[in-house]
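# Overview (structure and organization)
For reference, the chains in residue letters:
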Amino acid sequence: KGNGKNTSGCGQKATPGIAHAAPSTGGQTACGGGVSVGPNTTCAFAQNVYQTYQNYGPGNITVYSPVTRLTYTMYCSGATPVVCTGGNNASVYFYP
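Predicted model, so just to flag it, every value in this text is computed and none were measured. Residues take numbers from 1 onward in each chain, read along the sequence in its written order. Given that this is a predicted model, residues contribute local features only at a pLDDT of at least 70 and side-chain atom pairs are listed and counted only at 80 or more, while totals for whole chains, interfaces and linings are drawn from all residues. Side-chain figures throughout are based on the complete set of non-hydrogen atoms in the structure, without hydrogens or water.

## Observations concerning the side chain of Ser36
Going by this rule: Secondary structure counts use DSSP, requiring at least four H or I residues in a row for a helix and at least two E residues in a row for a strand, with both numbered from the N terminus. Here a polar contact is recorded for every N or O atom pair within 3.5 Å, except that within protein the pair must consist of a potential hydrogen donor and a potential acceptor, and residues adjacent in sequence are included only if both atoms are side-chain atoms. Contacts were defined at the residue level, with two residues in contact if any of their heavy atoms lie within 4.5 Å.
The residue Ser36 is located in strand S2 (residues 35-37) in this model. A distance of 2.8 Å separates polar atoms of two side chains, one belonging to Ser36 and the other to Gln28. In this view, Ser36 contacts Gln28, Thr29, Ala30, Cys31, Ser91, Val92 and Tyr93; residues no more than four positions away in its chain are not counted.

## Thoughts on the environment of Thr62
Formally: Throughout, exposure labels follow a simple rule: accessible area from a 1.4 Å probe, protein chains only, divided by the maximum for the residue type, with under 20% read as buried, over 50% as exposed, and the rest as partly exposed.
Along the chain, the position of Thr62 falls in strand S3 (residues 59-65). On the accessibility criterion, Thr62 (52% relative accessible area) is exposed. Those residues in contact with Thr62 that sit more than four places away from it in its chain are Thr52, Thr71, Tyr72 and Thr73.

## Quick word on the nonpolar core
Where a protein is soluble and globular, its nonpolar side chains tend to be buried together. Inclusion rule: Residues belong to one nonpolar core when they are buried, are Ala, Val, Leu, Ile, Met, Phe, Trp, Tyr or Cys, and are joined through side-chain atoms within 4.5 Å.
Ranked by size, the top nonpolar core spans 17 residues in total, and within it Val49, Met74, Cys84, Val92 and Phe94 carry the most contacts. Of all the elements in the fold, those that place two or more residues in this core are S2, helix H2 (43-56), S3, strand S4 (70-76), strand S5 (82-86) and strand S6 (90-94). At five residues, H2 tops the list of elements feeding residues into this core. Apart from the residues within four sequence positions on either side, Val49 is in contact with Ile61, Val63, Met74, Cys76, Cys84, Val92 and Phe94.

Structure follows, in structure tokens:
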């Protein structure tokens, strides 16, 4: 009987995989303050990208992630809205 419950647990493991796949096609998530992110990006990192962009403008910027505790290079466009991509498949969108 314990194995039966184990089997259903394995079946449930597939469900998070399906749920995880859905956001990758869902587009952007709003973080507030006009900043939004793609599916592989946290709002905490996006806020740091936004602040760094305000100081340095478009082009390559180096940004700290409070979640991974690492710094990443992001490329930010000079267009409106600003699109910043890089890091570990990160994407950040905002109006300057």
